[in-house]
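# Understanding the architecture of this molecule
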Amino acid sequence: MTIFLRNRRAGAAATATALALASLAALAGTATPASASGRVTTAGPATTATALAPEPAAAPKPASPAASASPAPGDPAVPSALTLPRPTGPYATGRDTLFLTDHERTDPWVPAAGARRLLVSLHYPARPGSGGDPAPYMPEAEARLMLAQRGLDDPEWPGLVAATRTSSPTDARPAPGRFPLVLLSPGFGTPRATLTGLAEELASRGYVVATADHPYESTGTELPDGRVLTCAACDEVDAQPDEAGRRKVLAAVSAGRAADFSFLLDRLTGPRPAWRHARTIDARRVGMAGHSIGGNAAASTMAADRRVDAGVTMDGTFFDPVAARGLDGRPFLMLGTDPGHAPGAGDTSWDEGWARLDGFKRWLTVRDSGHFTFTDTPAIGEQLGIADPDAPLSAARSTEITRAYVTAFFDRSLRGRPARLLDGPTPAHPEVLFQRP
């Protein structure tokens, strides 16, 4: 998993995530990184899939050596099945998958492929006991590409990661009521599945959660027809002659994701919604969170689309800067590593973004954390017996902190509930530092 690249410098054959990592490291003077599914529904005429232009097979790029020792292939310490931490909210959860096509936009990375496409996982509050088997974590082809890019080539691991047990069955009936919507965007070069644990937690607490894969921006995105799209955007970053060029491409990634999510909002909340359970969404209450470049995309989407009421970045550099005018008073949470994302620590985009945020805002950093602390990576890596010595925070604490603060922020911002957790330090979470620059 990508956790093992933390604090590794990219070489000439840089991987997708290491490229984003290097962009931030060179600019900020720190090594903080920047960076399917069950039932798939292909929506009606407005979102019908069209044929993709043929493209040559792309071999994964070699990764830097792992930052810590990995168990040998076949190591008996590796479990026979991996699991995600169970969600803790009062609702059971279900999952659907949508495959959408935006016929008004050409794919920005591979124009020959035609219209822009999105694969979207929808987690939602469900009726207990309804639905089929738990949804699979990710396709094995996606797991294989993700692991291979990071130099993890144990032949058993792609199957193990792909089969990671989730808590959300397919075909589950939605719980009665209407729920706020949270959009999630993964890191650059990272499949959407790596935010499954957070999506399930939010769904269990009464949110509909839509997590999007952005094609050609991940190590691998498997389409419903079995075709796997690799990371053309990563190649574009790699082709740039200097840091300014790489930063410009990463800013375009964030801005492009804003267009993706505006389209997704249209298809989830418009007059002819693409999702069969769209009636469960309360379109008056919409939030967005993302990891790494996905966190930048949360700010980019809020700047472009007034429908998004609140945003969260999880350790994401603002390659696309926070709008100079602010976000029209809407709340925003910056949750990152310490010291990498502390004030004045190197990523000046956070200092600049903080000054521009003009609504309720919090700047929190987490001691002993790493770039991928806020994803499923610690939980999966720990079960595989792989650790990041530069991010000693345990998987249990990583999960608990991420869930607690992101949920508290959305409860406050979208539901108007008290969120004392956001008022200041607490003995329950001594790792979390409140920054007040």
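Structure shown above.
Residues numbered from 1 in each chain as written. Predicted model: local features only at pLDDT ≥ 70, side-chain atom pairs only at ≥ 80, totals over all residues. Heavy atoms only, no water.

### Focus on the overall build of the chain
Stated formally: A run of H or I in DSSP becomes a helix once it reaches four residues, and a run of E becomes a strand once it reaches two; helices and strands are each numbered from the N terminus. The buried label applies to any residue whose accessible area, calculated with a 1.4 Å probe on protein chains only, is under 20% of its type's maximum; exposed applies above 50%, and partly exposed to all values in between.
The helix and strand inventory of the chain stands at 10 helices and 12 strands. The buried share of the chain, taken over its 437 residues, is 62%.

### Remarks on the pairing of strand E4 (residues 179-185)
Here is the rule we go by: We treat two strands as partners when DSSP finds at least two bridges between them.
Burial analysis of E4 places 7 of its 7 residues in the buried class, which makes it a mostly covered element. Pairing analysis gives 4 bridges linking E4 to strand E5 (residues 208-213), with the strands arranged parallel. Looking at the pairing, Leu181 lines up with Val208 of E5.

### Side note on the packing of helix H6 (residues 243-269) against helix H7 (residues 293-304)
To keep it simple, the criterion reads: Working convention: axes come from line fits to C-alpha atoms, limited for helices to the stretch in contact. Angles between N-to-C directions cover 0 to 180 degrees. Roughly parallel means an angle under 35 degrees; roughly antiparallel means over 145; roughly perpendicular covers 65 to 115; every other angle is labelled oblique. The sense of a crossing depends on the near helix, which, turned anticlockwise from the far helix by less than a right angle, makes the crossing left-handed and, turned clockwise, makes it right-handed. Contacts are assigned to residue pairs that have any heavy atoms within 4.5 Å of one another. Three residue categories are used. Nonpolar comprises Ala, Val, Leu, Ile, Met, Phe, Trp, Tyr, Cys and Pro, charged comprises Asp, Glu, Lys and Arg, and polar comprises the others, including Gly.
The interhelical angle for the contact between H6 and H7, taken along N-to-C directions, is 55 degrees, at an axis separation of 8 Å. In terms of their interaxial angle, H6 and H7 are classed as oblique. Crossing hand, H6 versus H7: right-handed. Within the contact between the two elements, H6 uses Leu250, Val253, Ser254, Ala255, Arg257, Ala258 and Phe261 and H7 uses Ile293, Gly294, Asn296, Ala297, Ser300, Thr301 and Ala304. Its residues assigned to classes, the contact of H6 with H7 comprises 8 nonpolar, 5 polar and 1 charged.

### Details of the state of the cysteines
Spelled out, the test is: The rule for a disulfide is simple: a pair of cysteine sulfur atoms within 2.5 Å.
Tallied over the full model, the rule gives 1 disulfide. In this model, Cys231 is linked to Cys234 through a disulfide, with the two sulfur atoms separated by 1.9 Å. The disulfide joining Cys231 to Cys234 has a torsion of about 70 degrees about its S-S bond and is therefore right-handed. Comparing Cys231 with Cys234, the two get one shared label, buried.

### Side note on empty space enclosed by the protein
We count it as follows: A pocket, in this scheme, is an open set of points on a 1 Å grid over the protein atoms alone with protein on both sides within 12 Å along at least 5 of 7 lines, while a cavity is a set where a 1.4 Å probe fits but cannot get out; residues line either one if an atom lies within 4 Å of a point. Grid points are joined across faces, edges and corners, and a volume is the space filled by probe spheres set on the points.
Volume-wise, the largest cavity comes out at about 110 Å³. Taken together, the elements giving at least two residues each to the lining of the largest cavity come down to helix H4 (196-204) and helix H10 (395-415). At 4 residues, H10 tops the list of elements feeding residues into the lining of the largest cavity. Each residue belonging to the lining of the largest cavity can be placed in one class, and the counts come to 5 nonpolar, 7 polar and 2 charged.

### Comments concerning the pairing of strand E9 (residues 310-314)
With 5 of 5 residues buried, E9 is to be regarded as a mostly interior element. Of the two faces of E9, the one carrying Ala310, Val312 and Met314 and the one carrying Gly311 and Thr313 are both buried. Direction of pairing for E9 relative to strand E10 (residues 332-338): parallel, over a ladder of 4 bridges. Note on E10: the bridge partner recorded for Gly311 is Phe332.

### Overview of the pattern of salt bridges
The following threshold applies: Any carboxyl oxygen of Asp or Glu that lies within 4 Å of a side-chain nitrogen of Lys or Arg is treated as forming a salt bridge with it.
Counted according to the given criterion, the structure contains 21 salt bridges. Measuring nitrogen to oxygen at the nearest pair gives 2.9 Å for the salt bridge that ties Arg116 to Asp260. Remark: Asp260 occurs in helix H6 and Arg116 occurs in strand E3 (residues 115-126); sequence separation between them is 144 residues. You'll find Arg116 and Asp260 in the same group, each marked buried. Between Asp282 and Arg285 there is a salt bridge, with the nearest N and O atoms lying 2.8 Å from each other. The exposure class assigned to Asp282 is buried, which follows from its relative accessible area of 3%.

### A short note on the environment of Pro134
Of note, Pro134 is situated in the loop between E3 and helix H2 (140-149). Residues Pro134 and Thr166, 32 residues apart in the sequence, show an inter-C-alpha distance of 5.9 Å. Every residue in contact with Pro134, bar those within four places of it in the chain, is listed here: Thr166, Ser168 and Pro169.

### Thoughts on the packing of H4 against H10
The packing of two helices is summarised by the inter-axis angle and the distance between the axes. Contact geometry of H4 with H10 gives a least axis separation of 10 Å together with a crossing angle of 45 degrees. Here H10 runs oblique to H4, going by the angle between their axes. In the crossing of H4 with H10, the sense of the turn from one axis to the other is right-handed. Side by side, H4 and H10 meet where Gly197, Leu198, Glu201 and Leu202 of the first sit next to Thr402, Arg403, Val406, Thr407 and Phe410 of the second. Here the contact of H4 with H10 is composed, by residue class, of 4 nonpolar, 3 polar and 2 charged.

### Focus on the packing of aromatic side chains
What counts is decided by this rule: In this analysis, rings of Phe, Tyr and Trp, with Trp reduced to its six-membered ring, are considered paired at centre separations within 6.5 Å, and the interplanar angle assigns stacked below 30 degrees, edge-to-face beyond 60, and tilted for intermediate values.
According to the stated counting rule, one finds 8 aromatic pairs in the structure shown. Seen from their ring centres, Tyr91 and Phe179 are 5.5 Å apart, and the 85 degrees between their planes marks the pair as edge-to-face. Taken together, the positions of Tyr91 in the loop between strand E1 (40-42) and strand E2 (92-106) and Phe179 in strand E4 put the pair 88 residues apart, joining distant regions of the chain. Residue class for Tyr91 comes out partly exposed when judged on its relative accessible area of 32%. Overall, Phe179 belongs to the buried group, its relative accessible area being 4%.

### Points about the nonpolar core
Generally speaking, soluble globular proteins have nonpolar side chains that are buried together. Here is the rule we go by: Buried Ala, Val, Leu, Ile, Met, Phe, Trp, Tyr and Cys residues that are joined via side-chain atoms within 4.5 Å together make up what is termed a nonpolar core.
Ranked by size, the top nonpolar core spans 40 residues in total, and within it Leu181, Leu183, Leu264, Leu268, Trp275 and Phe332 carry the most contacts. Sequence-distant contacts of Leu268, defined by excluding residues within four places in its chain, comprise Leu98, Leu122, Leu181, Ala210, Pro273, Trp275, Ala278 and Ile281. Within the second largest apolar cluster, 30 residues are counted, among which are Leu198, Val312, Leu333 and Leu422.

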